[in-house]
Amino acid sequence: MEQFIKKKIIQVKKGDQSAFSDVVSFYQDKIYQHCYRMLGNKHEAEDIAQEAFIRAYVNIDSFDESRKFSTWLYRIATNLTIDRMRKRKPDFHLDAEVRGTDGLDMYSQLASTERLPGEEVESRELQRYIHHEISQLPAKYRSIIMLRYLEEFSLKEISDILDVPLGTVKTRIHRGREALRKRLRHV
């Protein structure tokens, strides 16, 4: 598949705009999911994913064809999501507490047919707590943890995406896991 993408990139560099639509079609879901996992907001993830493809297209001439396109594209998307996280204001989510209630959130309003209510609440609380703790990690650790464990990139690919040495990637993964472990020690 990487050869197919390389061929399309060469066509795009020669001026074939339609070839880029094939590239977008191949990567759009992956890039969206990556952005969504980092941002936790569907609309922001859609915006950032779209911006990543626009930036990739505009800067396609700077892409080094001897490298993997996916690494370059994920690097653009990761940088954009980190920029968005730095700039955004606090937002309300489904896990935000509903005013006038004693600890209820919008999740509690959703019907569940799969589990008993007590199990569902417990599971959601744990998920929410873990997600919250991951979101509280510094951006450099959060992005590494997500790329490694959710996107399942190799250490080398993460190094290329974030443009940091391989040793730095290993160190940040270790420190990010340790920081998360400390935050979750009483769970």
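Everything discussed here concerns the structure shown above.
Everything numeric here is computed off the predicted structure, so don't read it as measured data. (Residues numbered from 1 in each chain as written. Predicted model: local features only at pLDDT ≥ 70, side-chain atom pairs only at ≥ 80, totals over all residues. Heavy atoms only, no water.)

Comments concerning the overall build of the protein chain
Looking only at helices and strands, one finds eight helices and zero strands in the protein chain. Along the protein chain, from the amino end to the carboxyl end, the secondary structure elements read α-α-α-α-α-α-α-α. For the protein chain, restricting intrachain contacts to residue pairs at least 6 apart in sequence, the fraction spanning at least 24 positions comes to 60%. (Helix = DSSP H or I, 4+ residues; strand = E, 2+ residues; numbered from the N terminus. Contact = heavy atoms within 4.5 Å.)

Observations concerning unusual backbone geometry
Backbone geometry at Glu 152 places phi at a positive 60°, although glycine is not the residue there. Position of Glu 152 among the secondary structure elements: in the loop between α6 (139–150) and α7 (155–162). We note that Asp 163 has phi near 55°; this positive angle belongs to a residue other than glycine. Examined against the element boundaries, Asp 163 turns out to sit in the loop between α7 and α8 (166–183).

A short note on the packing of aromatic side chains
Aromatic ring pairs: the centre-centre distance and the angle between the two ring planes describe each pair. Evaluation of the coordinates by the stated rule reveals eight aromatic pairs. Arranged with centres 5.8 Å apart and planes meeting at 50°, the rings of Tyr 27 and Phe 69 form a pair that is tilted. Of this pair, Tyr 27 sits in helix α2 (residues 17–39) while Phe 69 sits in helix α4 (residues 69–87), and the two are 42 residues apart along the sequence. The buried category is assigned to Tyr 27, whose relative accessible area is 4%. Ring plane angle 45° and centroid distance 5.2 Å describe the contact between Phe 63 and Trp 72, whose orientation is recorded as tilted. In this pair, the class of Phe 63 matches that of Trp 72, namely buried. An aromatic cluster is present here, built from Phe 26, Tyr 27, Phe 63, Phe 69 and Trp 72 joined pairwise through their rings. (Phe/Tyr/Trp six-rings, centres within 6.5 Å; stacked < 30°, edge-to-face > 60°. Buried < 20%, exposed > 50% of the residue type's maximum accessible area, 1.4 Å probe, protein only.)

Examining the pattern of salt bridges
One pass over the full model with this rule turns up 12 salt bridges. Each of the salt bridges in this network shares a partner with another, and the network as a whole consists of Arg 67, Lys 156 and Asp 160. (Salt bridge = Lys/Arg side-chain N within 4 Å of Asp/Glu carboxyl O.)

A few points about the side chain of Asp 160
Of note, Asp 160 is situated in helix α7. Looking at Asp 160, the relative accessible area reads 17%, which means it is buried. Setting aside residues up to four positions removed in sequence, Asp 160 forms contacts with Arg 67, Thr 71 and Arg 75.

Let's talk about the environment of Leu 162
Summarising the element assignment, Leu 162 is placed in helix α7. Distance from Leu 162 to Thr 78, taken between C-alpha atoms, is 7.6 Å for residues 84 residues apart in sequence. In contact with Leu 162, other than residues within four places in its own chain, are Arg 75, Thr 78, Ser 143, Ile 144 and Leu 147.

A look at the side chain of Ser 143
Structurally, the position occupied by Ser 143 is in helix α6. Given a relative accessible area of 2%, Ser 143 falls into the buried group. At 3.4 Å, the side chain of Ser 143 forms a polar contact with the backbone oxygen of Lys 140. Dropping the residues within four chain positions of it, Ser 143 is found in contact with Met 38, Thr 78, Ile 82 and Leu 162. (Polar contact = N/O pair within 3.5 Å; in protein donor to acceptor, adjacent residues only side chain to side chain.)

A look at α6
Counted at 1.5 Å a residue, the expected span for α6 with its 12 residues is 16 Å, and the 15 Å between its end C-alpha atoms agrees. Residues Tyr 141, Arg 142, Ser 143, Ile 144, Ile 145, Met 146 and Leu 147 constitute the buried set of α6. The inward-facing, buried residues of α6 contact α2, α4, α5 (117–135), α7 and α8. At the C-terminal side of α6, Glu 152 shows a positive phi close to 60°. (Expected span 1.5 Å × (residues − 1).)

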